[in-house]
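Tertiary structure, described
What follows is the residue order along each chain.
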Amino acid sequence: MIVRTRFAPSPTGYLHIGGVRTALFCWLFARKHGGKFILRIDDTDQQRNVEEAIAPILHGLRWLGIDWDEGPEIGGDHAPYYQSQRCDKYQAAVNKLLSCNYAYRDYARTEEIQAERDAAVKEKRTFTYSRNWMAETDEDIKRFESEGRQCVIRLKMPREGKLIIDDLIRGKITFNWADEQDHVIQRADGSFIYHLANVVDDEDYKISHVIRAEEHLSNTPRQIFIIQSLGYNLPAYAHLPFVAEPGSKTKLSKRKLEKYLKNKDFAKLVEHGKSIANRIGLKTTDDNFNPVIVDFYEQVGYLPEAIVNYIALVGWALDDKSEFFLMNDLIEKFSLEGVTKGAASFDPQKLFAFEEKHFLKLTIDKKIKLCTQFLEKAKIFPSAYDGILDKVIEAAGDRIKVAGDILNFSDFFVSDGALEFDEAIYNKRIINQPNSKILLKEFYDLLTQQDQFDKTSLENLMQEFIESKLIKANDIIHALRIAITGKGVGLGMFETLEILGKERVLERIKKFFEQH
RNA sequence: GGCCCCGUCGUCUAGUGGUUAGGACACGGCCCUUUCAAGGCCGCGGCACGGGUUCGAGUCCCGUCGGGGUCACCA
């Protein structure tokens, strides 16, 4: 069998983290089995600009390295890949269903159906439509229409027997046909409902494995009914557990940002992102800046491979020890057997840990490239300070976990009189340490005479200084750090001095004394 | 409420009848230390509950409880 999987987002304007997880699993399964991965746009009820709304979705998938063999922008043998352009096929399917008596015209008014539904709820039983307004003959149609009624097309579902779905992840699942409803497949305005379109497309595209989130499990029976009625091939099903909220089992949702912000770890992720966003002049609204949306990560400089690695592990595991995976490892190792059944909650801390690991593995050239992009977005141009960016990155080591973190070290790339000083730390280390300025001045004098400006020589110089003054390194280093970086935290002191170089260090200390 | 799914440390998970229940993230402590990171070492912490089956159950069966999904002329 040729494996063909598909991911079918609706044009919402953003790529949900749970959505990519589904896309990734579909993609991995196809790649692993040498099959095809198809992207289809579920825009049966198009009320907005579809192209505009799918752009972020396509972009996000590409950013993560999830490419499609057929679909929007690239076409394919089964084009078009937009449901809105396939109505003739859906109409043909509906006609066939109607002619075989697997579907019927229904003239019930919304209130009439609702009344029956309410009654069922009240009696605590499964709702079953009376079919009182089902039109089976031309006379029925004439009669209902003379009453000013409009019709929808409903499935004529079986009312007895069982359906057993063999799910690749969950095993056998039994449904009673009697619990199913006569679902609408074509609306009064002639447009088609997802379930019908979905089944027709899957058949047309020759989808072999329907891999989708668990929320679709309960509407699988009606889809199978359509498949069987139309004589289509039954695809294999695999219902994935969904990605849940941090610390909960409820489905993760874009709209609950405010709630998630109460989670300390989630809030931290957002805060960290915002600090980067602010420095690159990115406006952060809840709509565009939300860790539930994949775009968030690209904006602040996360690595796509880290995101992929993390989400692959939300609901899938290879064994009891492997956790670090690159895309190619995943293709090789992925299997539906490794997919777990229970909902897996989104863990911001673990995601961040993967980012850290992946960033650390990057070559210096790659880091330079990524960090440069963020400096430039912040209107900082490292090229003005020739050759120090690589030294800063090297010295920063694990301190840079996300490309945007380079902005924590932007003080290396501003002119020597333009440092911003952290007031709190200034008060703590300078104002409250009266001796610090005197010591700093003395050390400054020593530096002016220091020719060897490498970190080892400087460390020796410092050592001699503190021994001669009978002080501790603490007594001078903090003041020195503030004078030359404006901050209380940063790289190793002597590395900082070496990278800045004698001229800039002296200039900065001089300016510091002038300004303070 | 009906139907369906799920239930191992806080979180992600390994586990397919015999394990001192393993790992990762997080957390706590110690070491290192000029700040912040990182690193090293140690530690905390779990089979939802109750019945069976079995010599033996996290693992199989039943029930209970808990969580979730779904019940649209949304996808």
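Higher on the page you've got the structure.
Quick summary incoming for the structure in this document. These numbers come from a predicted model, not from an experiment.

A word on the packing of helix α16 (residues 423-431) against helix α19 (residues 473-485). Where α16 contacts α19, the axes come no closer than 9 Å and their chain directions differ by 140°. Accordingly, the angle class assigned to the pair α16 and α19 is oblique. For α16 against α19, the interelement crossing comes out left-handed. Seen from α16, the contacting residues are Ile425, Tyr426, Arg429 and Ile430; seen from α19, they are His478, Ala479 and Ile482. Grouping the amino acids of the contact of α16 with α19 by side-chain chemistry returns five nonpolar, one polar and one charged.

In the region of RNA strand B, 64 residues are neighbours, and Thr126, Gln181, Arg187, Glu323 and Arg399 sit closest. A share of 75% of the atoms of RNA strand B within 4 Å of the protein falls on sugar and phosphate groups. Thr340 places a polar side-chain atom, nitrogen or oxygen, 3.0 Å from a phosphate oxygen of RNA strand B. Elements with a contribution of two residues or more to the surface near RNA strand B: β5 (152-155), β7 (171-176), α6 (194-204), β12 (344-345), α13 (348-361), α19 and α20 (493-515). Grouping the constituent residues of the surface near RNA strand B by class yields 21 nonpolar, 20 polar and 23 charged.

Time to look at the nonpolar core. Counting residues in hydrophobic clusters, the biggest one holds 124 residues, and the most contacted among them are Leu24, Leu61, Tyr297, Tyr302, Phe346 and Ile406. Apart from residues lying up to four places away in sequence, Ile406 is in contact with Cys371, Phe374, Leu375, Leu389, Val392, Ile393 and Ile400.

Here helix α17 (residues 435-448) contains 14 residues, and its C-alpha end-to-end distance of 20 Å stays within 8% of the 20 Å for a straight helix at 1.5 Å per residue. Those residues of α17 not exposed but buried are Ser436, Leu439, Leu440, Phe443, Tyr444 and Leu447. Taken end-on, α17 shows its buried residues confined to a sector of 145°, consistent with a single buried face. Next to the buried residues of α17 lie α16, α18 (455-469), α19 and α20.

Strand direction decides the pairing type here: strand β1 (residues 4-7) and strand β2 (residues 36-39), joined by four bridges, are parallel. Residue pairing in the sheet places Arg6 in a bridge with Ile38 of β2. Note on the crossover from β1 through helix α1 (residues 17-32) to β2: the handedness is right-handed.

Quick look at the pattern of salt bridges now. Where side chains of opposite charge bring their charged atoms close, a pairing between them can arise. Within this structure, the stated rule accounts for 39 salt bridges. The partner of Asp416 in a salt bridge is Arg504, and the shortest N-O contact between them spans 3.1 Å. Taken together, the residues span a long stretch of sequence, with Asp416 in the loop between α15 (389-396) and α16 and Arg504 in helix α20 at a distance of 88 residues. For Asp416, a relative accessible area of 16% translates into the label buried. Each member of the salt-bridge network shares a partner with another, and the members are Arg6, Arg40, Asp42, Arg86, Lys89, Asp201, Asp202 and Asp204.

Quick notes on the rules
Residues numbered from 1 in each chain as written. Chains lettered and ligands numbered in written order. Predicted model: local features only at pLDDT ≥ 70, side-chain atom pairs only at ≥ 80, totals over all residues. Heavy atoms only, no water. Axes fitted to C-alpha atoms, helices over the stretch in contact; angles between N-to-C directions. Helix = DSSP H or I, 4+ residues; strand = E, 2+ residues; numbered from the N terminus. Parallel < 35°, antiparallel > 145°, perpendicular 65-115°, else oblique. Left-handed = near helix turned anticlockwise from the far one by under 90°. Contact = heavy atoms within 4.5 Å. Nonpolar A, V, L, I, M, F, W, Y, C, P; charged D, E, K, R; others polar. Near = heavy atom within 4 Å. Polar contact = N/O pair within 3.5 Å; in protein donor to acceptor, adjacent residues only side chain to side chain. Core = buried A, V, L, I, M, F, W, Y, C linked by side-chain atoms within 4.5 Å. Buried < 20%, exposed > 50% of the residue type's maximum accessible area, 1.4 Å probe, protein only. Expected span 1.5 Å × (residues − 1). Arc of directions from axis to C-beta. Pairing = 2+ DSSP bridges. Right-handed = clockwise from strand over helix to strand, strands pointing away. Salt bridge = Lys/Arg side-chain N within 4 Å of Asp/Glu carboxyl O.

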